Amino acid sequence: MVQGSVNLNTERGKEWLQDYVDNWVNFYQKQTDEGKVASYIPSLEHADPNALGISIIGKNGTIIRSGDTNVEFSIQSISKVLSFIVACMERGLTYVLQRVDVEPTGESFNSIMHLEINQPKKPFNPLVNSGAITVSSLLEGRTSDQKLEPLYQLLEKILGHRPEIDVDVYVSERDTSMRNRAIGYYLLEEGYLESDLSITLETYFKHCSLNVTLDDLAMIGLVLSNDGVHPNTDETLIPKQIARVAKSLMLTCGMYDASGKFASYVGIPAKSGVSGGILAVVPPRVRNQNLPFLEGCGIGVFGPALDKQGNSTAGIKLLRHIANQWDLSLF
């Protein structure tokens, strides 16, 4: 896409961008039938499989929204990024990384196999279920609510409001997640959990059940794009080193066992969830062309029809198209 002489920071330029994004969303919305809504968490199977929406928030205040943007959905595995960040802020990056590694697994997000064959048997990274359960045990506090309070406070500073737990999703996950309980018992036997198993799992299920919007995801992405500094207040909410490690993990491990392909073809840090959400981070980049969001942006995508890896089918295609058209890739 060639911008020509259009000034993208003017109202005309923003309208021009809006039209492009609207056209792209309309095109990829027709491809949602290639995926299926998650059904192994019963409360998620009621989502509209044809939904697709995107929100993009730039550091300069530009906001582009298109498609199904007025919907709330549970954050699911995207919360693993946030729980990792909070654990590192509380316990220190070195301490946390002694208990979870930073390597991609190449296996399904809820696999237990890599725990059995790896030496030492610690989780490969904090963005798969075994790693996120371990991280949940590291959060300070005796109860799940105490453990999650710093996460709520961080989100409140980023978003300006405090997200609430979708109780139906939480109960659904709690009552059906036998695989996560099996992973938890394995981690407990290996000595990686630092809190009671029931409290650890309750914490994990709760932070996966937080309700968010596309604007919420885009704003989280924007703060990460800015190395943890909120662009509206200039307040450092996340230490730079922790923000950068989190982005590195998103790039290498954030899209389940499709992370390598996503990094190759899209080339930006991202984290998906089985509700259909994707959090994407576009850091500032140096380009000679007149391109959108050169100062960086955060992107939120929602498309509940998933591929076999558990990622939004149409959402990934939409992000790949935008990344190619706007030259968003880090590489």
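Use the structure listed above.
Notes on the structure in this doc start here. (Residues numbered from 1 in each chain as written. Predicted model: local features only at pLDDT ≥ 70, side-chain atom pairs only at ≥ 80, totals over all residues. Heavy atoms only, no water.)

Scanning the protein chain from terminus to terminus reveals 13 helices and nine strands. A compact globule built from 331 residues would reach a C-alpha radius of gyration of about 20 Å, and the protein chain, at 19 Å, matches this within 12%. The C-alpha extent of the protein chain, read off along each of the three principal axes, is 65 × 40 × 35 Å. For the protein chain, buried positions account for 57% of its 331 residues. Across the protein chain, contacts joining residues at least 24 apart in sequence account for 69% of those joining residues at least 6 apart. (Helix = DSSP H or I, 4+ residues; strand = E, 2+ residues; numbered from the N terminus. Rg over C-alpha atoms; globule rule 2.2 N^0.38 Å. Buried < 20%, exposed > 50% of the residue type's maximum accessible area, 1.4 Å probe, protein only. Contact = heavy atoms within 4.5 Å.)

Taken together, the five bridges between strand β2 (residues 53–58) and strand β3 (residues 63–67) define a ladder with antiparallel strand orientation. In the sheet register, glycine 53 faces β3, and the bridge partner there is glycine 67. The loop that links β2 with its antiparallel partner β3 comprises four residues; one of these, glycine 61, has a positive phi angle of about 95°. (Pairing = 2+ DSSP bridges.)

With that settled, the discussion passes to the packing of helix α2 (residues 79–91) against helix α5 (residues 129–138). Relative orientation of the contacting elements α2 and α5 amounts to 40°, with a least axis distance of 9 Å. The orientation of α2 relative to α5 falls into the category oblique. At the point where α2 passes α5, the crossing takes the left-handed sense. On α5, the residues touching Lys80, Ser83, Phe84, Ala87, Glu90 and Arg91 of α2 are Asn129, Ala132, Val135 and Leu138. When grouped by side-chain class, the residues that make up the contact of α2 with α5 number five nonpolar, two polar and three charged. (Axes fitted to C-alpha atoms, helices over the stretch in contact; angles between N-to-C directions. Parallel < 35°, antiparallel > 145°, perpendicular 65-115°, else oblique. Left-handed = near helix turned anticlockwise from the far one by under 90°. Nonpolar A, V, L, I, M, F, W, Y, C, P; charged D, E, K, R; others polar.)

Oppositely charged side chains can form a pair if their charged atoms are brought close together. On inspection of all chains with the given rule, the structure shows 13 salt bridges. When the shortest N-O distance is used, the salt bridge between lysine 317 and glutamate 34 registers 2.5 Å. In this pair, lysine 317 sits in helix α13 (residues 313–326) while glutamate 34 sits in the loop between α1 (11–29) and β1 (36–37), placing the two residues 283 residues apart along the sequence. Here aspartate 145 makes a salt bridge to lysine 206, at a shortest N to O gap of 3.1 Å. Taken together, the residues span a long stretch of sequence, with aspartate 145 in helix α6 (residues 144–159) and lysine 206 in helix α9 (residues 197–208) at a distance of 61 residues. Taking the relative accessible area as the measure of exposure, aspartate 145 reaches 46% and is therefore partly exposed. The buried category is assigned to lysine 206, whose relative accessible area is 12%. Shared partners join several salt bridges into a network, and the residues in it are Arg91, Arg99 and Glu194. (Salt bridge = Lys/Arg side-chain N within 4 Å of Asp/Glu carboxyl O.)

The full count for this structure, using the stated rule, is seven aromatic pairs. Put simply, the rings of Trp16, Tyr20, Trp24, Phe293 and Trp326 touch in pairs and so form one group of aromatic residues. Note that lysine 206 overlies the ring of tyrosine 170, its terminal NZ or CZ placed 6.0 Å from the centroid. Over the aromatic face of tyrosine 265 sits the side chain of arginine 320, whose NZ or CZ is 4.4 Å from the ring centroid. (Phe/Tyr/Trp six-rings, centres within 6.5 Å; stacked < 30°, edge-to-face > 60°. Lys NZ or Arg CZ within 6 Å of the ring centre and 35° of its normal.)

We note that tyrosine 256 has phi near 55°; this positive angle belongs to a residue other than glycine. With respect to the helices, strands and loops of the structure, tyrosine 256 is situated in the loop between α11 (240–253) and α12 (259–265). Non-glycine residue phenylalanine 293 carries a positive phi angle of around 55°. Summarising the element assignment, phenylalanine 293 is placed in the loop between β7 (277–282) and β8 (297–302). We classify phenylalanine 293 as buried; its relative accessible area is 9%.

Core analysis: the largest hydrophobic core is formed by 48 residues, its most contacted members being Phe84, Ile85, Ile158, Ile220, Leu224 and Ile238. At the level of secondary structure, the elements contributing two or more residues to this core comprise α2, α3 (93–97), α5, α6, α10 (214–225), α11 and β7. The element contributing the most residues to this core is α10, with eight residues. Apart from the residues lying within four places of it in its own chain, the contact partners of phenylalanine 84 are Leu93, Val96, Leu97, Pro126, Val135, Val245, Ala246 and Leu249. By size, the runner-up hydrophobic cluster in this structure holds 30 residues, among which are Ile268, Ala270, Cys297 and Ala323. (Core = buried A, V, L, I, M, F, W, Y, C linked by side-chain atoms within 4.5 Å.)

The two faces of the sheet receive side chains in turn, since in a regular strand these alternate between them. Summarising burial for β8: six of the six residues are buried, a large majority. Across the two faces of β8 the burial is the same, with Cys297, Ile299 and Val301 and Gly298, Gly300 and Phe302 all buried. For β2 and β8, the ladder comprises six bridges, and the chain directions are antiparallel. From the neighbouring strand, glycine 58 faces β8, where its bridge partner is cysteine 297. By the bridge criterion, six bridges tie β7 to β8 in an arrangement that is antiparallel. Bridge assignment links valine 281 to a residue of β8, and that residue is glycine 298.

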